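Close look at the chain arrangement
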There are 4 protein chains.
Amino acid sequence: MTPSRTPFGGKKWPVAVLGATGAVGQTFIRLLENHPWFELAEVAASERSAGKKYGEVTRWIEGRMPDSVRDKNVVIVDPANVTSPVVFSAMDSSVAGTLEEAFAKAGKFVLSNAKNHRMEPDVPLVIPEVNPGQLAVIASQQRNRGWTGAIVTNANCAATVAAMALAPLHEKFRIKRLFLATMQAVSGAGYPGVASLDILGNVIPYIADEEPKLEREMCKLLGGFANGEITLSEMQVSSHTNRVPVEHGHTVCMSVEFHERPSVQAAIDVLTAWRGSEDTHGLPSAPAMPLVYTDAPDRPQPRRDVNLGNGMTVTVGRVREDPLFHLRLVAMGHNTIRGAAGGSVLNAELLAATGVIRPA
Amino acid sequence: MTPSRTPFGGKKWPVAVLGATGAVGQTFIRLLENHPWFELAEVAASERSAGKKYGEVTRWIEGRMPDSVRDKNVVIVDPANVTSPVVFSAMDSSVAGTLEEAFAKAGKFVLSNAKNHRMEPDVPLVIPEVNPGQLAVIASQQRNRGWTGAIVTNANCAATVAAMALAPLHEKFRIKRLFLATMQAVSGAGYPGVASLDILGNVIPYIADEEPKLEREMCKLLGGFANGEITLSEMQVSSHTNRVPVEHGHTVCMSVEFHERPSVQAAIDVLTAWRGSEDTHGLPSAPAMPLVYTDAPDRPQPRRDVNLGNGMTVTVGRVREDPLFHLRLVAMGHNTIRGAAGGSVLNAELLAATGVIRPA
Amino acid sequence: MTPSRTPFGGKKWPVAVLGATGAVGQTFIRLLENHPWFELAEVAASERSAGKKYGEVTRWIEGRMPDSVRDKNVVIVDPANVTSPVVFSAMDSSVAGTLEEAFAKAGKFVLSNAKNHRMEPDVPLVIPEVNPGQLAVIASQQRNRGWTGAIVTNANCAATVAAMALAPLHEKFRIKRLFLATMQAVSGAGYPGVASLDILGNVIPYIADEEPKLEREMCKLLGGFANGEITLSEMQVSSHTNRVPVEHGHTVCMSVEFHERPSVQAAIDVLTAWRGSEDTHGLPSAPAMPLVYTDAPDRPQPRRDVNLGNGMTVTVGRVREDPLFHLRLVAMGHNTIRGAAGGSVLNAELLAATGVIRPA
Amino acid sequence: MTPSRTPFGGKKWPVAVLGATGAVGQTFIRLLENHPWFELAEVAASERSAGKKYGEVTRWIEGRMPDSVRDKNVVIVDPANVTSPVVFSAMDSSVAGTLEEAFAKAGKFVLSNAKNHRMEPDVPLVIPEVNPGQLAVIASQQRNRGWTGAIVTNANCAATVAAMALAPLHEKFRIKRLFLATMQAVSGAGYPGVASLDILGNVIPYIADEEPKLEREMCKLLGGFANGEITLSEMQVSSHTNRVPVEHGHTVCMSVEFHERPSVQAAIDVLTAWRGSEDTHGLPSAPAMPLVYTDAPDRPQPRRDVNLGNGMTVTVGRVREDPLFHLRLVAMGHNTIRGAAGGSVLNAELLAATGVIRPA
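Residues numbered from 1 in each chain as written. Chains lettered and ligands numbered in written order. Predicted model: local features only at pLDDT ≥ 70, side-chain atom pairs only at ≥ 80, totals over all residues. Heavy atoms only, no water.

Broken down by element type, chain A carries eleven helices and 14 strands. Taken against the 2.2 N^0.38 rule, which gives 21 Å for 360 residues, the C-alpha radius of gyration of chain A at 20 Å falls within 12% of a compact globule. Taken along the three principal axes of its C-alpha coordinates, chain A extends 60 × 50 × 35 Å. A total of 360 residues make up chain A; the buried ones form 62% of that total. Residue pairs in contact within chain A that sit at least 24 positions apart in sequence constitute 75% of those at least 6 positions apart. In the form shown here, chain A has an accessible surface area of approximately 12400 Å², with 48% of it arising from carbon and sulfur atoms. (Helix = DSSP H or I, 4+ residues; strand = E, 2+ residues; numbered from the N terminus. Rg over C-alpha atoms; globule rule 2.2 N^0.38 Å. Buried < 20%, exposed > 50% of the residue type's maximum accessible area, 1.4 Å probe, protein only. Contact = heavy atoms within 4.5 Å. Areas by Shrake-Rupley, 256 points an atom, 1.4 Å probe, with all protein chains shown as cover.)

Below, the discussion takes up helix α4 (residues 93-105) of chain D. Residues and elements named next belong to chain D. Compared with an ideal rise of 1.5 Å per residue, which puts 13 residues at 18 Å, α4 spans 18 Å between its outermost C-alpha atoms and is within 8% of the ideal. Where α4 bends most, the angle comes to about 25°, and this point is Leu99. Those residues of α4 not exposed but buried are Ala96, Gly97, Glu100, Phe103 and Ala104. Where α4 is buried, its residues meet β1 (13-18), β4 (86-89), β5 (109-112) and β6 (150-153). (Expected span 1.5 Å × (residues − 1). Bend = angle between axes of the 7 residues up to and from the residue.)

This next bit is on the interface of chain B and chain A. Across the contact, 50 residues belong to chain B and 50 residues belong to chain A. Applying the counting criterion to the chain B and chain A interface returns ten salt bridges. Of the charged contacts in the structure, one is a salt bridge between Glu215(B) and Arg328(A), with a shortest N-O distance of 3.0 Å. There are 26 residue pairs in polar contact (both at pLDDT 80 or more) connecting chain B and chain A. At seven residues, the largest contribution of residues to the side of chain B that touches chain A is made by strand β10 (residues 236-243) of chain B. Here the residues of the side of chain B that touches chain A are counted per class, giving 25 nonpolar, twelve polar and 13 charged. (Salt bridge = Lys/Arg side-chain N within 4 Å of Asp/Glu carboxyl O. Polar contact = N/O pair within 3.5 Å; in protein donor to acceptor, adjacent residues only side chain to side chain. Nonpolar A, V, L, I, M, F, W, Y, C, P; charged D, E, K, R; others polar.)

Before going further, it helps to examine the relation of the copies chain B and chain A. Each copy of the sequence occupies a distinct position, and chain B is placed on chain A by a rotation of 180° and an axial shift of 0.0 Å, giving an RMSD of 0.0 Å. Each copy turns onto its partner about a two-fold axis. Take the interface residues of chain B: 100% of them recur as interface residues in chain A, which is what a same-surface contact looks like. (Least-squares fit on C-alpha atoms with pLDDT ≥ 70 in both.)

Our focus in this paragraph is the pattern of salt bridges. Evaluation of the coordinates by the stated rule reveals 76 salt bridges over all chains. Shared partners join several salt bridges into a network, and the residues in it are Glu211(A), Glu215(A), Arg318(B), Arg320(B) and Arg328(B).

For the pair chain A and chain C, the superposition axis carries a translation of 0.0 Å, the fit reaches an RMSD of 0.0 Å, and the rotation angle comes to 180°. A shared binding surface is used by both copies, with 100% of the interface residues of chain A retained as interface residues in chain C.

This next bit is on the interface of chain A and chain C. Often the size quoted for an interface is simply the accessible area lost on bringing the parts together. Contact residues are listed per partner, giving 17 residues for chain A and 17 residues for chain C. Between chain A and chain C, roughly 1300 Å² of surface is buried when both sides are summed, and carbon and sulfur atoms account for 71% of that area. In terms of surface lost to chain C, no three residues of chain A exceed Ser196(A), Leu197(A) and Leu200(A), which account for 46% of the buried area on that side. Counting the contacts that link chain A with chain C gives two salt bridges. Arg59(C) is the salt-bridge partner of Asp198(A), the closest N and O atoms lying 3.4 Å from each other. For the side of chain A that touches chain C, the per-class residue count stands at eleven nonpolar, three polar and three charged. (Buried area = accessible area lost by both parts, 1.4 Å probe.)

What follows is about the pairing of strand β4 (residues 86-89) of chain C. All names here are of chain C. Neither face of β4 is left uncovered, since the one carrying Val86 and Phe88 and the one carrying Val87 and Ser89 both have all their residues buried. Note: strand β1 (residues 13-18) against β4, four bridges, orientation parallel. The residue of β4 that forms the bridge with Val17 is Phe88. Of the strand pairs in this sheet, β4 and strand β5 (residues 109-112) are connected by four bridges, and their pairing is parallel. Within β5, the position partnered with Phe88 by the bridge is Leu111. Where the polypeptide runs from β4 across helix α4 (residues 93-105) and back to β5, its parallel neighbour, the crossover connection is right-handed. (Pairing = 2+ DSSP bridges. Right-handed = clockwise from strand over helix to strand, strands pointing away.)

So, about the packing of helix α6 (residues 157-173) of chain C against helix α9 (residues 264-273) of chain C. Residues and elements named next belong to chain C. At a minimum axis distance of 9 Å, the contact between α6 and α9 shows a crossing angle of 120°. Put simply, α6 runs oblique to α9. α9 is crossed by α6, and the crossing has right-handed handedness. Contact with α6, carried on its side by Ala165, Pro168, Leu169, Lys172 and Phe173, involves Ala266, Ala267, Val270 and Leu271 of α9 and no other residues of that element. (Axes fitted to C-alpha atoms, helices over the stretch in contact; angles between N-to-C directions. Parallel < 35°, antiparallel > 145°, perpendicular 65-115°, else oblique. Left-handed = near helix turned anticlockwise from the far one by under 90°.)

So, about the packing of α6(C) against helix α8 (residues 210-221) of chain C. When two helices pack together, their arrangement is captured by the angle between the axes and the distance separating the axes. Residue and element names in this part refer to chain C. Look at α6 against α8: their axes get within 9 Å of each other, and the N-to-C directions meet at 35°. Judged by the twist between their axes, the crossing of α6 over α8 is right-handed. Judged by residue contacts, Ala158, Ala159, Thr160, Ala162, Ala163 and Leu166 of α6 engage Glu210, Leu214, Glu217, Met218 and Leu221 from α8. Each residue belonging to the contact of α6 with α8 can be placed in one class, and the counts come to eight nonpolar, one polar and two charged.

Residues and elements named next belong to chain A. Judged by pairing direction, the sheet is mixed, and its six strands sit side by side in the order β10-β7-β11-β14-β13-β12 without closing on themselves. Taken across any chain shown, the strands that pair with only one partner, and hence form the sheet edges, are β10 (236-243) and β12 (291-294). In this sheet, adjacent strand axes meet at a mean angle of 20° when their direction is disregarded. Two elements, strand β7 (residues 175-184) and strand β11 (residues 250-258), share eight bridges in a ladder whose sense is antiparallel. The residue of β11 that forms the bridge with Phe179 is Ser255. Its contacts with the sheet put helix α6 (residues 157-173) on β7, β11, β12, β13 (314-321) and β14 (327-333), and the angle it makes with β11 is roughly 30°. Sheet contacts for helix α8 (residues 210-221): β7 and β10; angle to β10, the most-contacted strand, approximately 140°.

Now the structure itself:
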């Protein structure tokens, strides 16, 4: 598979963004701007924005709004209003549950960033380089639910960063117990999100509902796929999640106990060699290196490393002995790109490249 | 013991600050300003500053320089230049080792914030509310070394915060294994310390030499004292230390396994009830509450809680079950006050109140 | 007049805070905690919070909520619900206009932080040290409007800082033309106010409606009072207002042209000597020095100087020649204390001390 | 002139960076990485670094050090050690004065970012889009000084941002008087530069020597060139320079009086139409738009706009009436790219494209 392949004979495929005006929706729009395979055809949002031009109802957060989206009409999120066969869901979890189901029932492939369906047994929770096998459960999902479309989810942003750093180690040495302490960027809370009076020069040692979500999703991301079913990993996970005054980039400190104890060097070798599933090589949004190991003593750092691989590369470093478990290490990745919209786009590319989804 | 007692018949006792021009030295000077028992009589620093007025050679970092110190002559750090019987050492560890010994040999009581002597068996590493018993080892120290003075140390700033939060739990339930992940303020690195280009909007997941120091000192702080000797705790400790863009206040996330598992409520009850060693009650720098438990879901926070008890109170919260060990909790305290200069001053007060040190 | 005087025979006077749950309302409550003359008797807010306990409906922003307010019942902002003769208004300008009038009509003295009535000719816009004479217009206000109560306003936070620094110079040398460039703290925008994604590591060179407000209010603050009427200063004012990532403290760069050009030293002498109106000396919230001149080349700075005089002192420095006008200087003051709630409380104290308002 | 032209027949021209290990030196190296015309051949620094590999002696500040420079040997800054005909000077002003002269005397073209020679009458102070005519003075410089090489300077970072925004207005309406208030990023102070304890959550209303430098250089940048001589503009300039907690991007608030008063719309039209000197069109580092006018009410903002045109575009907005002078506006640009290293590289490109400098 090479970067130049175009799965649909050179014609771009129309896609829609649901929840297009919010922070994640905007990131989808930035990533789809000039995408070689997909073309942003439709933008949908809540009733409040519907019927107006995107540029009128959207307070653009980062950089500049692409001209191509400014004049698009915003439609209400409803399958009846959307013709694109592939939809990216950036909807709030308060509404994503039923709306995503409605789209899947209507034959759409829903690439969802919402938490609602992530842990359902017949819904893939996918990082393409890590566990593309979970996509095979789509067949069960369609059969179980009588859908012609499907819901495919990407994970919580912090879980994505941790899982990418741990995947090569887990594959080789099998993780048994895992401590995670995160320092998460404010962009993870959307917009307006965290008030500046809460976070300037401060740390908030709490993110609502984040710890159970992170612990749960780690077990599914690093789980297996057998007999048509996703199996959860039995590793034990404990997490401490914190908000810090950083714009983008979640940093995760990890202490890991394995079934088979690796040396520090063996772990570094495995991290350095890892390229992720071959299925992803050459996909438009796949970075040359999904994981980069750094031997600088004080890296990764969010402000300095977050944009590696256009925000799709996770950086890992500080691999060292742990006085309690086996190894300690630090991972950092872009929470709104790799950990949210970019992950969904890469999921869609993999589905397209493997023929699971097809143009209308 | 009541706050109004004055151990020296109402006359203030002259003290000196060694390393007076740096960040920790300045904090000593702020805390000694208007101290009811001690009077800042002498300021000593390196050759570079010696012979000049304090106000000329010092770039004052926080608030305003007290007028009383501005015109003091700076002397070279040497016992020959200092007459005060009690000296506070804010010297850099590159010189503190031998200089502190010279002062102790010359009959001075050295209250040290430097790391050099902390782990020596006959040197007390003291948080007065937690382990005042270690002060009894001063007798051995003087005998062993042939000194008439002595060195008494306070701990690393992050270790101090963690040990104060854990002391009541350890006393009751005995800690077996401990994970610590810290988010440390920039003032912990002194001045100029951390460059703004390194930390603005960033996290640095590394502080040189901090992790072994923190792990080691926890075992001495929460160790015991028996048969005239300090015994180290056998708890196993693993730590991840991080620098964050916060001015003052180290935040520590902890997962703890005990010999005897407490319920969350039992732990909260113990934390709430704790007042620390009675020996400290009523000392001028002792806060009404050495430890405050908060039930707010998102506290403690450095910017909001750091000044509680004039920076001498540690705040603890988020006590909850741990999927791996027994309990998780978060502690936060002022790193340059409770975790450095304020801790030393409180040590001196305890030594004075108990008659170990006496005016010349 | 001495600090110990108690204008009401030692009995505290009940007061109410309108708009008590917001950021400014909370600051009023902090400042009234342990006030020697006033006692917070009532808290009022919008319908949404009414009927509940203050502690339940309020997300406390800074430090800890005083216990004394936690269980107070919140009433709807309406004169019928409030018995206190003095009310502090922290209401949003969208509702403050008519509600404040209703309270004044009902015989209350309304100390308002809202912008609505500031520029009305018969409403005093007062900084007690600067222009207490404007309070004499209360008589006209009551006559004009048929009220037994009255509305007294304090100025925009940036205007207050600039006016305090300029008052002594204006009095002596008469300002003709004035350039102001502000760097304003996020707390000036209330809570949640400025989103962290908007301001972390950033500058926003715009604050809605701030520039005309600032320019206008300067002319009233530094205006005069003659023949029972407030006269606006004819100085010309141009302003640039900016938001910066600072918690508290507005910094204002100023270039000033005078009718009579002072030397730099003459200006410094005037700034140093100024103590403000004698009427304010000894009032409980009046700082020993309303204005402090600093000769440090790089001060005032918000984080380091903002709490001087418990947030009631404005610091001024960098007085130097201006290549275009006459002098350049920098002023900085606490925007939510001196520039908002603290200013209102000081206004109330002055009204009480001078017998304009009396206990019920 | 088109972007594809290569002035030297397709062969890259070797260049050196003097002061290569510091912050500005590193920016030169990043900008020269993959430059189509120039190839970084040599790195020179002080004695302390000389004789070692660049990667060993350099603490890389931003992103990742290019592999191509890591193993280069660092030589002492001395013409005898450098063979490249073009050298970029990122030296500290304490040494740049004489060393740059030595290089020019030795036949090198020195593109200097240092302040030392900027204001000398026969040294061009150039922003290529604004005042390329000053380059003609090189002939006089060589004649005056008996040099075969020459020194060409770029301006102070804040002056560059202001001059680019004002150039089109000055050309059309002639500036008479100018107020500038800057909010400057920490990267402008180099590395380690501003201590985090000084700037976190703070503003420093002072930058050493910055105000006179900024005022002076504005007059040369917006001056003229006639009869072989550079003439300084006679506009009067007053400035207030401030440091703010921003990583990159200087923001400048300006009030301008013109000889011929333009309407707001006329000014906007001129700003929007401006493309800068045609000589620069198509140069590798020249952005498509040297100046972008934004009509967003709250832009430009450093974090959001600083990277426009790869850091070479200045953004200008908030053009509005000024109650005192004629117009107020805000400009923002990247201080270490457009305002430092990028400006020097663009100067070199213009000299190469116009044949003033030639390969060895």
